[in-house]
Amino acid sequence: MLYPMHMPRNFLQYLTGAVIFYAFFGEIGWQNVVLGGIAFTIFYQFTYAFNDFIDYKTDIKDKNIMKKKLALNYPLHAGMVKVDELIPFSLILLILGIIVFVMIVFLFIKRLIS
């Protein structure tokens, strides 16, 4: 993963929605919650990478932003990955996230039908 420091926070954001869903409806498919949390976390990795790609030229001009992103070990800013490597890899994460989301939809439909 490109941004492992954000993964726990993203998963907790997703779980907050799952808890609210459970509070309103009284039941929830935990398999779907786990798959959804994984998909959400993977998908968000793409979002961070895309944001870094868009903001990179502006970020390198601002010492405060660079200091923060270097401290958080952002791969593009830390030089661990180049721009031409970041986009293809992040697109793979986007596709993986969408595939897992589609799997969840099919599981949900299957549950509705049965």
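These numbers come from a predicted model, not from an experiment.

(A) Broad picture of the packing of aromatic side chains. Enumeration according to the criterion identifies ten aromatic pairs in this entry. Ring centres of Y22 and W30 lie 6.1 Å apart, and the angle between their planes is 45 degrees; this geometry places the pair in the tilted category. We classify W30 as partly exposed; its relative accessible area is 49%. With 5.0 Å between their ring centres and 40 degrees between their planes, F40 and Y44 make a pair best called tilted.

(B) Local environment of the environment of F89. Tracing the chain through its elements places F89 in helix α4 (residues 83-113). Classification of F89 as partly exposed rests on a relative accessible area of 35%.

(C) Molecular detail of the packing of helix α2 (residues 30-59) against α4. The N-to-C vectors of α2 and α4 enclose an angle of 155 degrees; their axes lie 8 Å apart at closest approach. Judged by the angle between their axes, α2 and α4 are roughly antiparallel. Helix-helix and strand crossings are classified by hand; for α2 and α4 the assignment is left-handed. Partitioning the contact of α2 with α4 into residue classes produces 20 nonpolar, six polar and no charged.

(D) Highlighting the pattern of salt bridges. Evaluation of the coordinates by the stated rule reveals two salt bridges. Between D52 and K69 there is a salt bridge; the shortest N-O distance is 3.2 Å. With D52 in helix α2 and K69 in helix α3 (residues 63-71), the pair connects residues that are 17 residues apart, well separated along the chain. When sorted by exposure, D52 lands in the same class as K69, which is buried. A salt bridge links D59 to K69, with the shortest nitrogen-to-oxygen separation between them at 2.9 Å. With a gap of ten residues between them, D59 in helix α2 and K69 in helix α3 connect regions that are remote in the sequence. Through salt bridges with shared partners, a single ionic network connects D52, D59 and K69.

(E) How the structure looks around the nonpolar core. Core analysis: the largest hydrophobic core is formed by ten residues, namely L2, Y3, I42, Y48, A49, Y74, L76, V81, L86 and L93. Put simply, the parts of the chain that give this core at least two residues each are α2 and α4. Per-element accounting of this core gives the leading share, three residues, to α2. Setting aside chain neighbours within four positions, we find Y74 in contact with Y3, M5, H6, D52, K69 and M80.

(F) Region of interest: the layout of surface pockets. If you add up the space inside the largest pocket, you get close to 350 Å³. As for the largest pocket, its lining consists of 13 residues, and the residues nearest its centre are F21, I28, G29, N32 and F108. Where the lining of the largest pocket is concerned, the elements lending two or more residues are α1 (7-25), α2 and α4. A class-by-class count of the residues in the lining of the largest pocket yields eight nonpolar, three polar and two charged.

Cut-off values and rules
- Residues numbered from 1 in each chain as written.
- Predicted model: local features only at pLDDT ≥ 70, side-chain atom pairs only at ≥ 80, totals over all residues.
- Heavy atoms only, no water.
- Phe/Tyr/Trp six-rings, centres within 6.5 Å; stacked < 30°, edge-to-face > 60°.
- Buried < 20%, exposed > 50% of the residue type's maximum accessible area, 1.4 Å probe, protein only.
- Helix = DSSP H or I, 4+ residues; strand = E, 2+ residues; numbered from the N terminus.
- Axes fitted to C-alpha atoms, helices over the stretch in contact; angles between N-to-C directions.
- Parallel < 35°, antiparallel > 145°, perpendicular 65-115°, else oblique.
- Left-handed = near helix turned anticlockwise from the far one by under 90°.
- Nonpolar A, V, L, I, M, F, W, Y, C, P; charged D, E, K, R; others polar.
- Salt bridge = Lys/Arg side-chain N within 4 Å of Asp/Glu carboxyl O.
- Core = buried A, V, L, I, M, F, W, Y, C linked by side-chain atoms within 4.5 Å.
- Contact = heavy atoms within 4.5 Å.
- 1 Å grid on protein atoms, 1.4 Å probe; cavity = no way out; pocket = protein on both sides within 12 Å on 5 of 7 lines; lining within 4 Å.
- Points joined across faces, edges and corners; volume = space filled by probe spheres on them.

By themselves these figures say nothing about function.
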